[in-house]
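# Residue-level structural notes
These are the residues of each chain, in order.
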Amino acid sequence: QVQLVESGGGLVQAGGSLRLSCAASGSIFRLNAMAWYRQAPGKQRELVATITSDGSTNYADSVKGRFTISRDNAKNMVYVQMNSLKPEDTAVYYCNANVIDTATYYSRNYWGQGTQVTVSS
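Keep in mind that what you see is a predicted model, and the values were worked out from it rather than measured. Numbers given for residues are sequential positions, taken from 1 along each chain in its written order. This being a predicted model, a pLDDT of at least 70 is required before a residue's local features are given, and a value of 80 or more before pairs of side-chain atoms are given or counted; all residues contribute to the totals for chains, interfaces and linings. Heavy atoms throughout the structure, all of them, feed into the side-chain values; hydrogens and water do not.

### Side note on the state of the cysteines
- What counts as a disulfide here is a pair of cysteine sulfur atoms lying within 2.5 Å. Applying the stated criterion across every chain, the model contains one disulfide.
- Two residues share a disulfide in this structure: Cys 22 and Cys 95, whose sulfurs sit 2.1 Å from each other. Judged by the sign of its S-S torsion, about -80 degrees, the cystine formed by Cys 22 and Cys 95 is left-handed. Within this pair, whereas Cys 22 is found in strand S3 (residues 18–26), its partner Cys 95 is found in strand S9 (residues 91–101), the two being separated by 73 residues in sequence. Each helix corresponds to a stretch of at least 4 residues labelled H or I by DSSP, and each strand to a stretch of at least 2 residues labelled E; elements are numbered beginning at the N terminus.

As structure tokens, this is what we get:
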């Protein structure tokens with residue numbers, strides 16, 4: 001089994017910053033692409049940012065220039081630095097990883113439990 005655990009969420013004023021972390025653990029053979037998603041109340045889950053195993057990144061238009069995704073392959077971690085936060089960034093943020101596990105050697109997607117980010121105006 002593979003577990004993803006997010007941390008770093010909280011309450012911040014508009015214009016502030018937060019850094020979310022996600023730790024992957026368990027029966028990991030290889031971590032492929034990793035990503036952050038978010039889901040605001042009453043809305044569908046949306047992709048925020050992705051990063052491949054070699055560090056290529058992609059961002060949703062709504063966060064370009066404000067958010068930066070990064071990863072530490074040695075520690076099986078992925079991060080997102082969120083600057084210039086807006087009230088519309090308020091959501092539960094989820095970590096996602098495509099993992100090849102040591103049990104099956106097939107890849108599958110895993111999700112974390114989510115961490116709440118609230119931006120006050």
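Alright, that's what it looks like, and here's the rest.
### Some words on the packing of aromatic side chains
- Here a Phe, Tyr or Trp ring, Trp counted by its six-membered ring, pairs with any other such ring whose centre lies within 6.5 Å, and the pair is stacked when the planes are under 30 degrees apart, edge-to-face when over 60, and tilted otherwise. One pass over the structure, following the stated rule, counts three aromatic pairs.
- On the basis of an interplanar angle of 75 degrees and a centroid distance of 5.1 Å, the ring pair of Phe 29 and Tyr 105 is categorised as edge-to-face. Separated by 76 residues along the polypeptide, Phe 29 in strand S4 (residues 28–39) and Tyr 105 in the loop between S9 and strand S10 (107–111) bring together distant segments of the chain.
- Seen from their ring centres, Tyr 94 and Trp 111 are 6.5 Å apart, and the 85 degrees between their planes marks the pair as edge-to-face. Separated by 17 residues along the polypeptide, Tyr 94 in strand S9 and Trp 111 in strand S10 bring together distant segments of the chain.
- A residue is classified by how much of its surface remains accessible, and Tyr 94, at 14% relative accessible area, is buried.
- The buried label applies to any residue whose accessible area, calculated with a 1.4 Å probe on protein chains only, is under 20% of its type's maximum; exposed applies above 50%, and partly exposed to all values in between. Overall, the relative accessible area of 38% leaves Trp 111 in the partly exposed class.
- The structure contains a cluster of three or more aromatic residues connected by ring pairs, namely Tyr 37, Tyr 94 and Trp 111.
- Two conditions define a charge located above a ring, namely a distance within 6 Å from the ring centre to NZ of Lys or CZ of Arg, and an angle within 35 degrees of the ring normal. Looking at Arg 45, its charged tip hangs above the ring of Trp 111, at a distance of 4.6 Å from the centre.

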